Amino acid sequence: MKKNLIYLTGFMASGKSTIGPILANTIGWEFLDLDRVIEEKLGKKIVDIFKVEGEDFFRIFESDTLNELSKLTKYVISLGGGTIENEKNLNQIKKTGILIYLETSPEAAYRRLRFKTDRPALLFENYNPTKQEFINRINSILSRRVKYYNQADIKINTDDKPVGITVDLIVRLLRREFQIEEN
């Protein structure tokens, strides 16, 4: 069966929201960012949804929204970093599309995230963490998620590759492994 959805997964700042629209444009598909869809539906930023409604509410809403999006065709969908930790979500993704893991090292994630304040999982209560504390938090989250990330159909490291090179590599792999052609 030819799959008509491509899902991008990976840790925060691995490149999902940057690579996604370029990949979609390159193959002639549409692009959606799951977190942006949720923000639009709820009228709040993800960090505020976590603060006000809580993570459990967010994860249920995320699953429901993913289920809706999984019925689309010819879309590249950027997932939230933790979306695939839910077994039901992971099964839905694998059943309906091609899963691409954009892998990044904890050090690269730290460089990209150290000044961000909109990532609930990386907020420290009332103090600025040291570099090591920040990397330890990244490692803790990564160690929990890596078994899910490693179930991806394609795995690409994004640490030091320019975006264009990464997209070209993904397109070549999609053509070869999944017969995805540009429109």
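Relevant structure appears above.
For every chain, the first residue of its written sequence is number 1, and the numbers climb from 1 along that sequence. Residue-level local features of this predicted model are given only where pLDDT is at least 70; pairs of side-chain atoms are given and counted only at 80 or more, and the full residue set underlies all totals for whole chains, interfaces and linings. Excluding hydrogens and water, the side-chain figures rest on all heavy atoms present in the structure.

(A) Molecular detail of the overall build of the protein. Segments assigned H or I by DSSP are reported as helices when at least four residues long, segments assigned E as strands when at least two residues long, and all are numbered from the N terminus. Assigned secondary structure in the protein consists of eight helices and five strands. In terms of overall size, the protein behaves like a compact globule, its C-alpha atoms giving a radius of gyration of 16 Å where 183 residues would be expected to give roughly 16 Å. Viewed in the frame of its principal axes, the protein has a C-alpha envelope of about 50 × 35 × 25 Å. Only protein chains enter the calculation, and the probe is 1.4 Å; a residue is then buried if its accessible area is under 20% of its type maximum, exposed if over 50%, and partly exposed in between. By the burial criterion, 46% of the 183 residues in the protein qualify as buried. Only the C-alpha atoms count toward the radius of gyration. The rule for a globule is 2.2 Å times the residue count to the power 0.38.

(B) Representation of the side chain of Arg145 within the structure. Mapped onto the elements of the fold, Arg145 is located in helix α7 (residues 131-149). Pairs of N or O atoms are called polar contacts if they sit within 3.5 Å, as long as, within protein, a hydrogen donor faces a hydrogen acceptor (for residues adjacent in sequence, only side-chain-to-side-chain pairs). A distance of 3.4 Å separates a polar side-chain atom of Arg145 from the backbone oxygen of Gly81. Residue contacts are counted whenever heavy atoms from the two residues lie within 4.5 Å of one another. With residues near it in sequence (within four places) discarded, Arg145 still touches Phe11, Arg59, Gly81, Gly82 and Glu85.

(C) Expanded view of the packing of aromatic side chains. Centres within 6.5 Å make a pair out of two Phe, Tyr or Trp rings, where for Trp the six-membered ring is used; the pair is then stacked when the planes are under 30 degrees apart, edge-to-face when over 60, and tilted otherwise. On inspection of all chains with the given rule, the structure shows four aromatic pairs. On the basis of an interplanar angle of 20° and a centroid distance of 4.7 Å, the ring pair of Tyr101 and Tyr149 is categorised as stacked. Here Tyr101 is found in strand β4 (residues 98-103), whereas its partner Tyr149 is found in helix α7, with 48 residues between them in sequence. Pair check on accessibility: Tyr101 and Tyr149 agree, each one buried.

(D) Region of the structure containing helix α2 (residues 34-42). Those residues of α2 that sit buried are Leu34, Asp35, Val37, Ile38 and Glu39. Buried residues belonging to α2 abut β2 (30-33), α3 (46-52), α4 (55-69) and β3 (75-78). A distance of 3.0 Å separates the backbone nitrogen of Asp35 from a side-chain oxygen at the start of α2, and that oxygen is part of Asp33. Following α2 by one or two positions, Gly43 has its phi on the positive side, about 70°.

(E) Examining the pattern of salt bridges more closely. The rule for a salt bridge is simple: a side-chain nitrogen of Lys or Arg has to be within 4 Å of a carboxyl oxygen of Asp or Glu. According to the stated counting rule, one finds 11 salt bridges in the structure shown. For the salt bridge of Glu55 with Arg59, the shortest nitrogen-to-oxygen distance reads 3.2 Å. Note that Glu55 and Arg59 are positioned in helix α4 at a spacing of four residues, about one turn of the helix. A relative accessible area of 22% places Arg59 in the partly exposed class. The salt bridge partner of Glu85 is Arg144, with a shortest N-O separation of 2.7 Å. Taken together, the residues span a long stretch of sequence, with Glu85 in the loop between β3 and α5 (87-96) and Arg144 in helix α7 at a distance of 59 residues. The class of Arg144 is partly exposed, set by a relative accessible area of 43%. Each of the salt bridges in this network shares a partner with another, and the network as a whole consists of Asp33, Arg36, Glu39 and Lys45.

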